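Residues per chain, in single letters:
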Amino acid sequence: GTALGGALRLATASIRREVHRTTIMDKGDYRPLLFLITDGQPTDEWRSALRELDTRTKTRPANLYAIGCGADVDLAQLGEITDIVLQLDKVNADGFAKLFVWLSASIHSASTGVADADPSALLDRLPPDVSKVDLSKIPLHDGRPRQLFLRVHCTQKRGVYLMRFRFDE
């Protein structure tokens, strides 16, 4: 499954523990870049975790990028998390390689850039297989599940497998 709520809670705990705010005595950290790479179909409760990220850290403490991978991504749900939603079109080794090269370059440029630089400038240099999603053109999700995960046990091979089925109209 996709434990989006668990991921957001982990991000909140990590930010609270690791990101140092500016005080009178010390210069704190600049807002970190958070990259959420997901199939965009959470299988746990995530909205309370998002509220916790927003409230426990007072203001959104990071520049959050949601990157949807695959054909079944619920882009509307990702748009509830952040206004920067990207779509990885080719979910294969080459697509992921290009994505991680871009992520590395983004992290490097953000860490060496001026503190008040615009983080959306990173979107100007997206790799060929990644596109920015126009959230104004995405229909709202109807709330019905789009996929089903089954944990199955094979008696012949004595193995446990995770099977995913996609609902098709």
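Let us look at the structure shown here. In this text the structure is predicted, and so the values were computed from the model without any measurement.

**Some remarks on the overall build of the protein**
When you go through the protein residue by residue, the secondary structure sums to four helices and six strands. Reading the protein from its N terminus to its C terminus gives the helix and strand order α-β-α-β-α-β-α-β-β-β. Out of the 169 residues in the protein, the part that is buried amounts to 33%. Carbon and sulfur atoms provide 56% of the accessible area of the protein, an area that totals close to 10900 Å².

**Let's talk about the environment of Trp-102**
Inspection of the secondary structure assignment puts Trp-102 in helix H4 (residues 93-112). By relative accessible area, Trp-102 is classed as buried at 5%. Taking C-alpha positions, Trp-102 is 9.7 Å from Val-130, a pair spaced 28 residues apart along the chain.

**Focus: the pairing of strand S6 (residues 159-166)**
The pairing of strand S5 (residues 147-154) with S6 spans eight bridges and is classified as antiparallel. Within S6, the position partnered with Leu-148 by the bridge is Phe-165. Between S5 and S6, which pair antiparallel in sequence order, lie four residues; one of them, Arg-158, sits at a positive phi of approximately 55°.

**Details of the nonpolar core**
Core analysis: the largest hydrophobic core is formed by 16 residues, its most contacted members being Leu-78 and Ile-81. Taken together, the elements giving at least two residues each to this core come down to helix H1 (4-18), helix H2 (47-56), strand S2 (63-69) and helix H3 (75-81). Core analysis: the next-biggest nonpolar cluster, separate from the first, contains 12 residues, Tyr-65, Cys-69, Ile-84 and Val-130 among them.

**Topic: H1**
The first and last C-alpha atoms of H1 sit 21 Å apart over 15 residues, in line with the 21 Å expected at 1.5 Å per residue. If you check which residues of H1 are buried, you get Leu-4, Gly-5, Leu-8, Ala-11, Thr-12, Ser-14 and Ile-15.

**Re the packing of aromatic side chains**
Within the structure shown, the criterion is met by four aromatic pairs. Pairwise contacts between aromatic rings join Phe-35, Tyr-65 and Trp-102 into one cluster.

**Focus: a nonpolar patch on the surface**
Nonpolar side chains collect at one region of the surface, where Leu-148, Leu-150, Tyr-161, Met-163, Phe-165 and Phe-167 lie side by side and expose about 540 Å² of accessible area between them. At the level of secondary structure, the elements contributing two or more residues to the nonpolar patch comprise S5 and S6. Considering every element that reaches the nonpolar patch, the biggest residue donor is S6, with three residues. Following the sequence through the fold, Leu-150 ends up in strand S5. When its relative accessible area of 34% is taken as the criterion, Leu-150 is described as partly exposed.

**Thoughts on the pattern of salt bridges**
Enumeration according to the criterion identifies six salt bridges in this entry. Across the pair Asp-129 and Lys-98 runs a salt bridge whose closest N-O atoms are separated by 3.7 Å. Of this pair, Asp-129 sits in the loop between H4 and strand S4 (130-132) while Lys-98 sits in helix H4, and the two are 31 residues apart along the sequence. Notably, a salt bridge pairs Lys-137 with Asp-134, separated by 3.8 Å at the nearest N-O pair. Judged by relative accessible area, which is 38%, Asp-134 ranks as partly exposed.

About the criteria used
Residues numbered from 1 in each chain as written. Predicted model: local features only at pLDDT ≥ 70, side-chain atom pairs only at ≥ 80, totals over all residues. Heavy atoms only, no water. Helix = DSSP H or I, 4+ residues; strand = E, 2+ residues; numbered from the N terminus. Buried < 20%, exposed > 50% of the residue type's maximum accessible area, 1.4 Å probe, protein only. Areas by Shrake-Rupley, 256 points an atom, 1.4 Å probe, with all protein chains shown as cover. Pairing = 2+ DSSP bridges. Core = buried A, V, L, I, M, F, W, Y, C linked by side-chain atoms within 4.5 Å. Expected span 1.5 Å × (residues − 1). Phe/Tyr/Trp six-rings, centres within 6.5 Å; stacked < 30°, edge-to-face > 60°. Patch = residues over 30% accessible without salt bridge, like charges linked within 9 Å, V, L, I, M, F, W, Y side chains within 5 Å. Salt bridge = Lys/Arg side-chain N within 4 Å of Asp/Glu carboxyl O.

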